Every structure is written in C-alpha cells, then in structure tokens.
Amino acid sequence: MTPNEKTIVKFYTALSNADTSKLCECYHPNIQFHDPLFGSLKGNEVCQMWKMLIERSKGNLKIEFSDVKADDHLGSARWIASYRFSKTNRKVVNTIYAKFHFKDNLIIKHTDDFDIWKWAKQAMGLKGFLLGWTGFMHKKIQEQARFSLKKHTEKNHK
C-alpha cells in the first residue's frame, strides 16, 4: 500500500469511527473540498463540516469504503454513507466517488461526487423526487447546507 493509500484508509477509518481528530490529521492545512451538497469549502470549514455531519448522525452513521487507489499525487476511493437525514429522519444510502490530490502525504484537495437527485429523493421524499433534479433545488440544498455549517461553526467557536 502506498503512503497516500494509507492516508485514504486512515481517513475513512476515522470517519467510520466518528473520530474527527484523526480524520482531520489526513488533511493539509490548505485543504479544498467540493461536493454537491456543500459546494466548495476550504481550510477549517472542511473539518467543521465533518464534525457537524458526525454530530447530527448521533452515532448512526455507517461508512463502507473500497477501491482505494493512490500514487504520489492523485488518489480515489468509492464509499457508501448510510444514515438518517436529520431534517426528515429519512434513511439515506449515498454512494460517493472520491478523488484526492496530495501534498506531503496529506490530502490537499478532496472532491466527492454523487447523484444529488438520488440523494434528494431519499432525504426529502416526494419533494426531492419532484424537484431534486432542478438547478433551483440544488442551489436551495447547497444554501441550506452552508447555512447549517455556518451556524454549527459559530456555536462551536463561542
């Protein structure tokens, strides 16, 4: 296993164990993250996002990961997150494809890609099914996710 593959395994193992300290050790201080829910995040925002998601799962987040590959600069993995969406208590099983860029054996860029419509159908039910494919709904979902992250960060830095 390459050093960067070990970093990816450490990252997902920490996520499965709800250990945000270990998870954040895998990130370079200048981390850039992007996914369909939150859009682009940088630096401390990224660790705060994981902390918020883990807290909201209340110990009911199940992570499975596979297909870990990495060389000196790039890496990838496939992972599945199973949890209850906190706003609706609906069950979500989200299959995610992750891409990584590394610097000094730390993740400096992390991009998660998944089907936002499939996620919205599971998380929001009929509303997600009917509107989850629209750009308008994607923007609303992202605004709500960013607002939740901002509130969480403010609460934890008081």
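For the structure itself, look to the data block above.
Residues numbered from 1 in each chain as written. Predicted model: local features only at pLDDT ≥ 70, side-chain atom pairs only at ≥ 80, totals over all residues. Heavy atoms only, no water.

Undergrad: So, the pattern of salt bridges: which residues are in play, and what are the values?
TA: Counted according to the given criterion, the structure contains 7 salt bridges. For Arg146, the salt bridge is made with Glu45, and the minimal N-O distance between the two is 3.8 Å. One end of the pair, Arg146, is in helix H6 (residues 135–156); the other, Glu45, is in helix H3 (residues 44–57), with 101 residues separating them in the sequence. When its relative accessible area of 33% is taken as the criterion, Glu45 is described as partly exposed. Residue Glu154 pairs with Lys151 through a salt bridge whose shortest N-O separation is 3.9 Å. Within this pair, Glu154 and its partner Lys151 are both found in helix H6, separated by 3 residues, close to a single helical turn. In this structure Glu154 comes out as partly exposed when scored by relative accessible area, which is 32%. Each member of the salt-bridge network shares a partner with another, and the members are Lys139, Lys140 and Glu143. (Salt bridge = Lys/Arg side-chain N within 4 Å of Asp/Glu carboxyl O. Helix = DSSP H or I, 4+ residues; strand = E, 2+ residues; numbered from the N terminus. Buried < 20%, exposed > 50% of the residue type's maximum accessible area, 1.4 Å probe, protein only.)

Geometric descriptors of this kind do not, in isolation, establish any biological role.
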